[in-house]
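# Analysis of the macromolecular model
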Amino acid sequence: MPHTMSRSFGVWGGLSIVTLLSLVQWESGCWGMTLNSVSLHPVSSRLHRAEAGAMPHRHKRNWVWNQFFVLEEYTGDDPLYVGKLHSDVDRGEGRIKYVLNGEGATTIFTIDENTGDIHATKRLDREEQAYYTLRAQARDRATNLPVEPESEFVIKVQDINDNEPKFPDGPYQAYVPEMSPVGTSVVEVKATDADDPTYGNSARVIYSILEGQPYFSVEPKTGIVRTALPNMDREARDQYLLVIQAKDMGGQMGGLSGTTSVTVTLTDVNDNPPRFSRKSYQFEVPESLPVASVVAKIKALDSDVGSNAEMEYRIIEGDGLGVFRVEPDADTQEGVITLQKNLDFETKPTYTLKIEASNKNIDPRFRAQGPFSDTAMVKLVVENVDEPPVFSSPLSRMTVSEAAKVGTVIGTVSAVDPDSTKSPIRYSIDRNTDLERFFNIEASTGVISTAKALDREVNAVHNITILAIESLDPSQVGKGIALITVMDVNDNAPVFAIEYETFVCETAEPGQVIETISAVDKDEPPSGHRFFFSLTAEAAGNLNFTLRDNKDNTASVLTKRGGFQRREQSMYRLPVLIVDSGSPALSSTNTLSIRVCDCDSDGAPQACGTEAFLLSAGLSTGALVAILACILTLLVLVLLIVTVRKRKKEPLILDEDRDVRENIVRYDDEGGGEEDTEAFDMVALRNLNVTRDSKARRDVTPEVPTLYCSRPPPYKITPDNGIFRDFIWDRLNNADVDPSAPPYDSLQTYAFEGSGSVAESLSSLESLSTDSEQSYDYLSDWGPRFKKLADLYGHSDNSSNIFSS
């Protein structure tokens, strides 16, 4: 239990001052001394007014109390004494009692109402609540009336060092470049202490490094971690684990401490040059390798990573400049050597290259360490490959006249074997490029000639593939292109450019232009087309129309007279002679049809001959015919639909008065007894005198089951109609008055045999008699399932005895 000593002092100026000096022994064994200072509160506001005036007036205070301090984390068994309240009204006669209110009153703090002593009944934690505000009042014990105004005071919880420092942001991850100088800042760690920083050294933290020396250090007061060694190489070691300690009480003995870890990773810098693992390389390259193909790959090693390891490769010397090229692979940082020109073993069998590899991003801080590059020699050996024949010209251009005769020589192609064997070459045409076989080629010489007559107007250019095949090795085939252009000759006469629909109005004047015509020619003369128009000799003297050549490959048709009449002649035909300018010149006679039309005032035709030219609507005779054909087709479809819908479907059953509810087939045989209810229906039994014949169906071949194995009975069974009729009517009456019967029509089935059968009974029971000659001894051979029947029928003597008795 802590030991406390208190001492009271005197009064000054009429104000009572009480000072409590407490000496408390802590649980840790240390001693501390607290001085509880006096808190003075005036009785009324006169003191405030006096303080504001020129002459301060002293007023006697009736009662005073202490501003108390109490140590946290008290662990004693008895309540902890906090302090004492006293009023000068209290004369020690027991007439005054003290009352305590506010935070923690009665729950944490208690007061002795007689003496004013305050105790703490619970252990306090300053980190949870640093002070408590309470109100005290002195009351008359008899009347419970206050003898003093209520006043506030504070109980402060005095801190002890009971919280160790903590790192709220730990553990830490830090990065620092390799080769950093000593003292480079790495990271700042920060520890917090929940103790009171204004009281003692409980919250004063000092940092130290427990693990990570001698590579790193930490500043004791700031917690900044710095490098402690120079030239730390990432390639040797790239990660370090530090343990940092924070200790309170200024790092003195007895202070509490906490730790955190700091993982420091060295980041890369470009401090290592690239190096080839070998100084020379050799690769084989087939001479048939296509251009832009990869020949080989080499790689310079760099201990750095990322952008610091990016490479650049170039050919600085050698006889392969222009033939080969080297470029870096962005993913693997390899130098990729590619082919830029075709190789030929017979011309040059080897190449030598000197390739340099250098860093793309150089750090100037380390440039003094030497050049960040390396070189290697690469020897490329060309492998001899059996190559196909090579044409002297991959594309041969030739011309031939379309009038050339079959067998005319067009040109010659030539190919050689590039290998040292110099195999003879045989030529042929790839017929997939000459499907109609217009050309032939001489197999040994490569001479191309015509095999068919050519027509420039059908195909002006022939693109054929020539195959060159080695005689010694037919699998080696070279290909070349022969582009044969067919030259034009004047072999097509000019004709009308279009099919003209020319008309002349009845009101036309003499010399009026009614049509302008032009011509086309399939030929293409080098100097262009020039056509000459004229009327034929037979038409030159006609009195109706004339022709004027416009000298621009067009001609105008003019009227010679006026007064054309449809009723006299509705159509005129004018033969036109067109001559081209070819050598030799070709001509053709084309007939221009001219119709006589009734025109309006603007010259637009209204009616031509017996037809109306609906030019304004854009309808020709062909369009009218098409419209009429569509209308006729629609009418035929409508009639067809109506005819189909009026057709009646032929019934399947040949009975016009058939009952759609049942389909009864009657046979002259006896049913199977009471369980056979499928052979009868109600309608047939209601009128048994009417015999209904079986109705044959068109779609089903009737299959009539019978009880007879060999042949139907030679007689017809006629049931007793009256008995069945009475039986059925009784059942119908019962069903009509039955309240549980369904409200809709339903089929009722009844089992009734009648009064007998003309065919007599089929039961085998009557055959069991003493005079029966039937033997049933075979039942004994049928097994245990027929044992009962074998005992009854198997022995005729025993059976007779059983039934006779």
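Residues numbered from 1 in each chain as written. Predicted model: local features only at pLDDT ≥ 70, side-chain atom pairs only at ≥ 80, totals over all residues. Heavy atoms only, no water.

### Notes on the environment of Asp430
Put simply, the test is: Strands are runs of DSSP state E lasting at least two residues, helices are runs of H or I lasting at least four, and both sets are numbered from the N terminus onward. By definition in these notes, contact holds between two residues if any of their heavy atoms fall within 4.5 Å.
Secondary-structure assignment places Asp430 in the loop between strand S34 (425-429) and strand S35 (439-441). Taking C-alpha positions, Asp430 is 9.2 Å from Lys479, a pair spaced 49 residues apart along the chain. Setting aside its immediate chain neighbours within four residues, Asp430 contacts Thr465 and Leu467.

### A closer look at the sheet that holds strand S29 (residues 373-383)
To be explicit about the condition: Two strands pair if DSSP finds at least two bridges between them. Axes here mean lines fitted to C-alpha atoms, for a helix over just the part in contact, with angles spanning 0 to 180 degrees between N-to-C directions.
The mixed open sheet is built from four strands, whose spatial order is S22-S29-S28-S25. The open sheet is flanked by strand S22 (280-286) and strand S25 (311-318), the only strands paired with a single partner. Averaged over all neighbouring strand pairs, the angle between strand axes comes to 30 degrees, with direction disregarded. Pairing between strand S28 (residues 350-359) and S29: nine bridges, direction antiparallel. Bridged to Thr352 within S29 is Lys379.

### Overview of the state of the cysteines
Our working rule: Any two cysteine sulfur atoms lying within 2.5 Å of each other are counted as a disulfide. Summary of the burial criterion: residues with accessible area below 20% of their type's maximum are buried, those above 50% are exposed, and those between are partly exposed, where the area comes from a 1.4 Å probe applied to protein chains only.
Applying the stated criterion to the full structure yields two disulfides. Residue pairing for Cys505: its cysteine sulfur links by disulfide to Cys599, the two sulfurs lying 2.0 Å apart. Classification of the bridge connecting Cys505 and Cys599 rests on its S-S torsion, roughly -90 degrees, and on that basis the disulfide is left-handed. With Cys505 in strand S40 (residues 502-505) and Cys599 in strand S46 (residues 587-599), the pair connects residues that are 94 residues apart, well separated along the chain. Both residues of the pair, Cys505 and Cys599, belong to the buried class. Regarding the disulfides, the protein carries the connectivity 1-3, 2-4 under sequence-order numbering of its bonded cysteines.

### Points about the side chain of Asn163
Note the following rule: The term polar contact refers here to a pair of N or O atoms within 3.5 Å; inside protein, the definition further demands a hydrogen-donor-capable atom paired with an acceptor-capable atom, and it admits residues adjacent in sequence only when both atoms are side-chain atoms.
Of note, Asn163 is situated in the loop between strand S13 (151-158) and strand S14 (172-177). A polar atom in the side chain of Asn163 sits 2.8 Å from the side chain of Asp162. At 2.9 Å, the side chain of Asn163 and the side chain of Asp195 are in polar contact. Sequence-distant contacts of Asn163, defined by excluding residues within four places in its chain, comprise Glu127, Asp193, Ala194, Asp195, Asp248 and Leu256.

### Re the sheet that holds strand S41 (residues 513-520)
Two strands in a sheet stick together by hydrogen bonds in their backbones, pointing the same way (parallel) or opposite ways (antiparallel). The strand order S39-S41-S44-S43 describes an open sheet built from four strands, whose pairing is antiparallel. Edge positions in the sheet fall to strand S39 (495-496) and strand S43 (545-549), since each of these pairs with one other strand and no more. Relative to S41, S39 runs antiparallel, the two being bridged by two bridges. Counterpart to Phe496 in the pairing with S41 is Ala519.

### Quick notes on the pattern of salt bridges
A side chain of one charge can pair with a side chain of the opposite charge if their charged atoms are brought near each other. The cut-off we apply is this: The salt bridge definition used is simple: a Lys or Arg side-chain nitrogen within 4 Å of an Asp or Glu carboxyl oxygen.
Counted by the stated rule, this structure contains 18 salt bridges. For Arg325, the salt bridge is made with Glu327, and the minimal N-O distance between the two is 2.6 Å. What makes Arg325 partly exposed here is its relative accessible area of 44%. The exposure class assigned to Glu327 is partly exposed, which follows from its relative accessible area of 35%.

### Some remarks on the nonpolar core
Just so we agree on the cut-off: To qualify as a nonpolar core, a set must consist of buried Ala, Val, Leu, Ile, Met, Phe, Trp, Tyr and Cys residues joined through side-chain atoms within 4.5 Å.
In terms of nonpolar packing, the biggest core is built from 25 residues, with Val295 and Phe324 touching the most fellow members. Counting residues per element, the ones that place at least two in this core are S22, strand S23 (294-298), S25, strand S26 (324-328), strand S27 (335-339), S28 and S29. Among all residues touching Val295, those that are not within four sequence positions of it are Val285, Leu289, Phe324, Ile337, Thr338, Leu339 and Leu380.

### A look at the packing of aromatic side chains
Quick reminder of the rule: Each pair of aromatic rings taken from Phe, Tyr and Trp, with Trp reduced to its six-membered ring, is defined by centres within 6.5 Å and is described as stacked if the planes are under 30 degrees apart, edge-to-face if over 60, and tilted in the remaining cases. For a Lys NZ or an Arg CZ to count as sitting over a ring, it must be within 6 Å of the ring centre and within 35 degrees of the ring normal.
Evaluated as defined, the whole model comprises 14 aromatic pairs. Judged by centre distance (5.5 Å) and plane angle (70 degrees), the rings of Phe216 and Tyr240 are edge-to-face. One end of the pair, Phe216, is in strand S17 (residues 216-218); the other, Tyr240, is in strand S19 (residues 239-247), with 24 residues separating them in the sequence. Residues Phe216 and Tyr240 agree in their burial class; the two are buried. Here the aromatic rings of Phe564 and Tyr572 are separated by 5.6 Å at their centres, their planes lie at 80 degrees, and the arrangement is edge-to-face. A residue is classified by how much of its surface remains accessible, and Phe564, at 0% relative accessible area, is buried. Exposure remark for Tyr572: the relative accessible area of 9% places this residue in the buried category. By the ring-pair criterion, three or more aromatic residues cluster together here, those being Phe276, Tyr281, Phe283 and Tyr313. Taking the ring centre of Tyr351 as reference, the NZ or CZ of Lys348 above it sits at 5.2 Å. Lying over the aromatic face of Phe564, Arg561 brings its terminal NZ or CZ to 4.1 Å of the ring centre.

### What to know about the pairing of S28
For S28, a buried count of seven out of 10 residues is recorded, marking the element as mostly surrounded by other parts of the structure. The pairing of S25 with S28 spans seven bridges and is classified as antiparallel. Across the sheet, Ile315 pairs through a bridge with Ile355, a residue of S28.

### So, the pairing of strand S44 (residues 554-559)
Burial analysis of S44 places six of its six residues in the buried class, which makes it a mostly covered element. Burial of S44 is two-sided: the residues Thr554, Ser556 and Leu558 facing one way and the residues Ala555, Val557 and Thr559 facing the other way are all buried. As judged from the five bridges shared by S41 and S44, these two strands associate in the antiparallel manner. The partner of Ile517 across the bridge, within S44, is Ala555. In this sheet, S44 lies alongside S43 in antiparallel orientation, the contact comprising five bridges.

### Comments concerning the environment of Ala403
Among the structural elements, Ala403 can be located in the loop between strand S31 (395-401) and strand S32 (409-412). Exposure remark for Ala403: the relative accessible area of 55% places this residue in the exposed category. Along the backbone, Ala403 and Leu454 are 51 residues apart, and their C-alpha atoms lie at a distance of 7.0 Å.

### Regarding the environment of Leu547
Structurally, Leu547 is set in strand S43. The class of Leu547 is buried, set by a relative accessible area of 15%. Put simply, Leu547 and Val576 are 29 residues apart on the chain and 8.3 Å apart in space, counted from C-alpha to C-alpha.

### With respect to the confidence of the model for the protein
Heads up, the rule is: How sure the predictor is of each residue is captured by pLDDT, a score from 0 to 100.
Averaged over every residue, the pLDDT of the protein is 78; residues scoring 70 or more account for 76%. When the criterion is pLDDT under 50, residues 1-65 qualifies, and its contacts beyond four places in sequence or with other chains add up to 124 contacts. Below pLDDT 50 for its whole length, residues 796-805 participates in five contacts with residues either more than four positions away or in separate chains.

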